[in-house]
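Report on the structure
So you can see what is in the structure, the chains are spelled out below.
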Amino acid sequence: MARFDYSYYKEIYGGELSEREFDRFSLTAADVVSVLTGTDVTESDDECVIRALCIETDECAGFAGGNPWTEAESAGDYSASYDTSRVKDVCGMPVSAGAIAALTRCGLLTRWSGWGKEKP
């Protein structure tokens, strides 16, 4: 049985974080995925959950120190604007669309989350 740990993340999932970075972000990812599924996923051996954990770990690392809700920024001649309407979050932490897809595919996303449904 598979288990979510650094060796799975690196060898099977193909993650690129160092072990130190993995340790830093995987706990937050587990919290996010636990909220999405409504269960404690830290000891799960479900492949869909483990894949979602790996994806969400990368998502947490990608947003470290950044603000995913920045709508515009500029410096000198540079300026950019971003569409933040599709950024999903759990308690302020961005959620990866890939993690949502992995959980949805296996029927593990809680009904209350509302992901996958367009807002009116």
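Details of the structure are given in the entry above.
Notes on the structure follow. (Residues numbered from 1 in each chain as written. Predicted model: local features only at pLDDT ≥ 70, side-chain atom pairs only at ≥ 80, totals over all residues. Heavy atoms only, no water.)

**Focus: the overall build of the chain**
Secondary structure summary: the chain contains 4 helices and 4 strands in total. Mapped from its N terminus to its C terminus, the chain presents α and β elements in the order α-α-α-β-β-β-β-α. Considering the chain as a whole, with its 120 residues, one finds that 38% of them fall into the buried category. Roughly 7700 Å² of accessible area belongs to the chain as shown, and the carbon and sulfur atoms make up 49% of that amount. (Helix = DSSP H or I, 4+ residues; strand = E, 2+ residues; numbered from the N terminus. Buried < 20%, exposed > 50% of the residue type's maximum accessible area, 1.4 Å probe, protein only. Areas by Shrake-Rupley, 256 points an atom, 1.4 Å probe, with all protein chains shown as cover.)

**Here we look at the packing of aromatic side chains**
Applying the stated criterion across every chain yields a total of 5 aromatic pairs. With a centroid separation of 5.2 Å and an interplanar angle of 40°, the aromatic rings of Tyr-9 and Phe-22 are classed as tilted. On the criterion of sequence distance, the pair formed by Tyr-9 in helix 1 (residues 6-13) and Phe-22 in helix 2 (residues 19-37) is long-range, its members being 13 residues apart. Judged by relative accessible area, Tyr-9 falls into the buried class, the value being 0%. Each residue in the set Phe-4, Tyr-6, Tyr-9, Tyr-13 and Phe-22 is aromatic and connected to the rest through ring pairs, giving one cluster. (Phe/Tyr/Trp six-rings, centres within 6.5 Å; stacked < 30°, edge-to-face > 60°.)

**Some remarks on the pattern of salt bridges**
Evaluated as defined, the whole model comprises 1 salt bridge. Notably, a salt bridge pairs Glu-43 with Arg-3, separated by 3.3 Å at the nearest N-O pair. Here Glu-43 is found in the loop between helix 2 and helix 3 (47-62), whereas its partner Arg-3 is found in the segment before helix 1, with 40 residues between them in sequence. In this structure Glu-43 comes out as exposed when scored by relative accessible area, which is 58%. Note on Arg-3: relative accessible area 41%, which makes it partly exposed. (Salt bridge = Lys/Arg side-chain N within 4 Å of Asp/Glu carboxyl O.)

**Things to note about the packing of helix 2 against helix 3**
Orientation of helix 2 relative to helix 3, taken along the N-to-C sense of each, is 120°, at an axis distance of 8 Å. On the basis of the axis angle, helix 2 is oblique to helix 3. In this structure, helix 2 crosses over helix 3, and the sense of that crossing is right-handed. Two secondary-structure elements touch here, helix 2 through Phe-22, Phe-25, Ser-26, Thr-28, Ala-29, Ala-30, Val-32 and Val-33 and helix 3 through Val-49, Ala-52, Leu-53, Glu-56, Thr-57, Cys-60 and Ala-61. Considered class by class, the residues forming the contact of helix 2 with helix 3 number 11 nonpolar, 3 polar and 1 charged. (Axes fitted to C-alpha atoms, helices over the stretch in contact; angles between N-to-C directions. Parallel < 35°, antiparallel > 145°, perpendicular 65-115°, else oblique. Left-handed = near helix turned anticlockwise from the far one by under 90°. Contact = heavy atoms within 4.5 Å. Nonpolar A, V, L, I, M, F, W, Y, C, P; charged D, E, K, R; others polar.)

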